[in-house]
Amino acid sequence: MTLITTPSTLPPGPAEPYDMQTNAASFAHLSDWVGYGDILYIKPQQRKAPTFVLNHPDYVKHVLVGNHANYHKGVGFERVKMLLGNGIIVSDGPFWRRQRRRVQPAFDRSVIAGLADEIKHINLRLLARWQDSARNHEVVNITAATNDLALEIVLRAIFSDDFDRLLAEQGTNPFACLVDDNRRDLKLAVKFRALTKLVAEVIARRRQSKRSKQDFLGIMLATTDKDSRSAMLDKELIDEVMTLIVAGSETSATTMNWTWYVLAVYPEIAARFYAEIDAASFSAAPEYLHLPELDYSRQIIEEVLRLYPPVWLYSRKALGEDRLGDYVIPAGADIFISPYYLHRLPQFWPQPELFDPARFSEAAIKARHKFVYIPFSAGPRRCIGDFFALVEAQLHFGLMGRHFRMEYLGERVVELAPEVNLRSKHPLMMRIHER
Ligand code: HEM
């Protein structure tokens, strides 16, 4: 006898209707609701469409890779659009594909390798400031310091020495509103969008000058799409520049913030981290070529991204009907995937709350389901800056680890602020000691 199974209509989920968002309330609800299983259904409250939260790597793989063409960016991206225009983090369809092809060459490994020297110099300036702080026994706000650092790194990667000109002309970093202002609301969007004028001026000067530069902007200016053979229009270029500034600063900053936290609170892990740095072959500061020697640092950073994934929730919109396991996903459904919860599934991560960098040894990575670790997402919409972010963090910790040990002065358990990015609710204050 053949048993015909008909898809049951809806996965389990909470009785009450609710509209998920990237905020602390949704984060708290999810912590209760992920117990419903691999996929959960939430009735809409104000919205029209039902919500499905996926919490199994097979479903994640299906939506982000297998049937990615059926999914566009979803809830929340309209807010990001106010900040970024139609840059690749929010655009969809053929326009996104063409823009991604035009931005991609800027993230080639050879370009990142070329930018490593600039990143080193930014860190060397911070090193001098931290040496002063250490000598003066000052308490340092590590959250603010890593915010400033990541912002400067991405700005110099985009503009290189045009950033010095902007600083000189404006008397201050015009993009500092991103780190000075924690809110991600309309007011900030207006302030930030006003900066497009400055970006347009830099672009105009670059177009006039005959000198080409190997920074992100220089490469984007020179890249033509292979089908249309056309380069980006100014408006498109401005949106992509704004996108890289926002997408590439807070994410990297929070990663470095959390990494300093784990180094300060786990002495055994810190001891191995320092031993690796002391054994590495660089003299004053690590260069790009030394990064393979900092493999334990990489493992620490990857484990930080497991437990504190900066992008802790992302959303998609189903264009047409789809099927996930036994369930039908109707056209128009809102889909959410949370790396934070996926990265804690006990069937894939033994003792999920334990901070253990060995989870990211080559053998352990190979043995695991690839889609149960997605701090940078996966598939065609995977983060374009993943490699850049890792290089940036390794260069920072390689240099600073040679010189400093951090004494964390706050509560051991840090309160989380799950907004657009998963930040620490309060700044992390640390006393810096020279080693
Ligand atoms: C640790 C640091 C970072 C993390 C955790 C991170 C995470 C992510 C995630 C999860 C996405 C996909 C979001 C989605 O699918 O809805 C994404 C996309 C993106 N990220 Fe990152 N990111 C980081 C650093 C960077 C950096 C340094 C840059 C650029 C300088 C960057 C630029 C972008 C861009 C442009 C996209 C959109 C890609 C596309 O849709 O084609 N990110 N990032």
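Okay, so let's go over this structure.

How each quantity is defined
- Residues numbered from 1 in each chain as written.
- Predicted model: local features only at pLDDT ≥ 70, side-chain atom pairs only at ≥ 80, totals over all residues.
- Heavy atoms only, no water.
- Near = heavy atom within 4 Å.
- Polar contact = N/O pair within 3.5 Å; in protein donor to acceptor, adjacent residues only side chain to side chain.
- Helix = DSSP H or I, 4+ residues; strand = E, 2+ residues; numbered from the N terminus.
- Nonpolar A, V, L, I, M, F, W, Y, C, P; charged D, E, K, R; others polar.
- Donors = N, O, S within 2.8 Å, 3.2 Å for Na, K, Ca; no water.
- Pairing = 2+ DSSP bridges.
- Axes fitted to C-alpha atoms, helices over the stretch in contact; angles between N-to-C directions.
- Buried < 20%, exposed > 50% of the residue type's maximum accessible area, 1.4 Å probe, protein only.
- Core = buried A, V, L, I, M, F, W, Y, C linked by side-chain atoms within 4.5 Å.
- Contact = heavy atoms within 4.5 Å.
- 1 Å grid on protein atoms, 1.4 Å probe; cavity = no way out; pocket = protein on both sides within 12 Å on 5 of 7 lines; lining within 4 Å.
- Points joined across faces, edges and corners; volume = space filled by probe spheres on them.

Contacts to the ligand come from 30 residues, most closely from Trp-96, Arg-100, Arg-316, Arg-381 and Cys-383. Between the ligand and the protein, one listed contact pairs an oxygen atom with a backbone N or O atom of Ile-88 at 3.1 Å. A distance of 2.6 Å is found between an oxygen atom of the ligand and a side-chain nitrogen or oxygen belonging to Arg-316. Broken down by secondary-structure element, the contributors of at least two residues to the shell around the ligand are α4 (93-103), α12 (234-265), β5 (314-318) and α17 (386-403). The element contributing the most residues to the shell around the ligand is α12, with 7 residues. Across the shell around the ligand, the residue classes tally to 18 nonpolar, 7 polar and 5 charged.

Protein coordination of the iron atom of the ligand is limited to a single donor, Cys-383 (SG), which sits 2.3 Å from the metal. As for its position among the elements, Cys-383 is in the loop between α16 (362-367) and α17.

Hydrogen bonds between backbone groups are what pair the strands of a sheet, and the pairing can be parallel or antiparallel. As summarised here, the arrangement of the 5 strands in space is β1-β2-β8-β5-β3, forming an open sheet in which the pairing is mixed. The sheet terminates laterally at β1 (39-42) and β3 (71-73), the two strands that pair on one side only. The mean angle between the axes of side-by-side strands here comes to 30°, regardless of whether they run parallel or antiparallel. Sheet topology note: the strand β2 (residues 51-54)/strand β8 (residues 334-337) ladder contains 4 bridges and is parallel. From the neighbouring strand, Thr-51 faces β8, where its bridge partner is Asp-334.

Moving on, we get to unusual backbone geometry. In this model, His-137 sits at a positive phi of 55°, which is unusual for a non-glycine residue. Considering the arrangement of structural elements, one finds His-137 in the loop between α5 (109-135) and β4 (139-141). Overall, the relative accessible area of 60% leaves His-137 in the exposed class. The backbone of Ser-377 shows a phi angle near 65°, a positive value even though the residue is not glycine. Within the element layout of this structure, Ser-377 appears in the loop between α16 and α17.

Turning our eyes to something else, we now look at the nonpolar core. Residues Trp-130, Phe-159, Phe-175, Phe-192, Phe-216 and Ile-245 are the most contacted members of the largest nonpolar core, which totals 143 residues. When residues of this core are assigned to their parent elements, the largest contribution, 15 residues, is made by α12. What Ile-245 contacts, discounting residues up to four positions off in sequence, is Leu-151, Val-154, Leu-155, Ile-158, Phe-159, Phe-175, Leu-178 and Phe-192.

Now for the layout of surface pockets. Here the largest pocket is characterised by a volume of approximately 810 Å³. Arg-109, Arg-298, Glu-302, Arg-382 and Leu-390 are, among the 29 residues lining the largest pocket, the residues nearest its centre. Looking at the lining of the largest pocket, the elements with two or more residues in it are α14 (295-307) and α17. Among the elements that line the lining of the largest pocket, the one with the most residues is α17, at 5 residues. Taken together, the residues of the lining of the largest pocket sort by class into 17 nonpolar, 4 polar and 8 charged. The space that makes up the second largest pocket amounts to roughly 440 Å³. Looking at the second largest pocket, it is lined by 27 residues, and the ones nearest its centre are Asn-147, Asn-182, Arg-423, Ser-424 and Lys-425. When residues in the lining of the second largest pocket are grouped by element, the largest group, 5 residues, is from helix α6 (residues 142-159).

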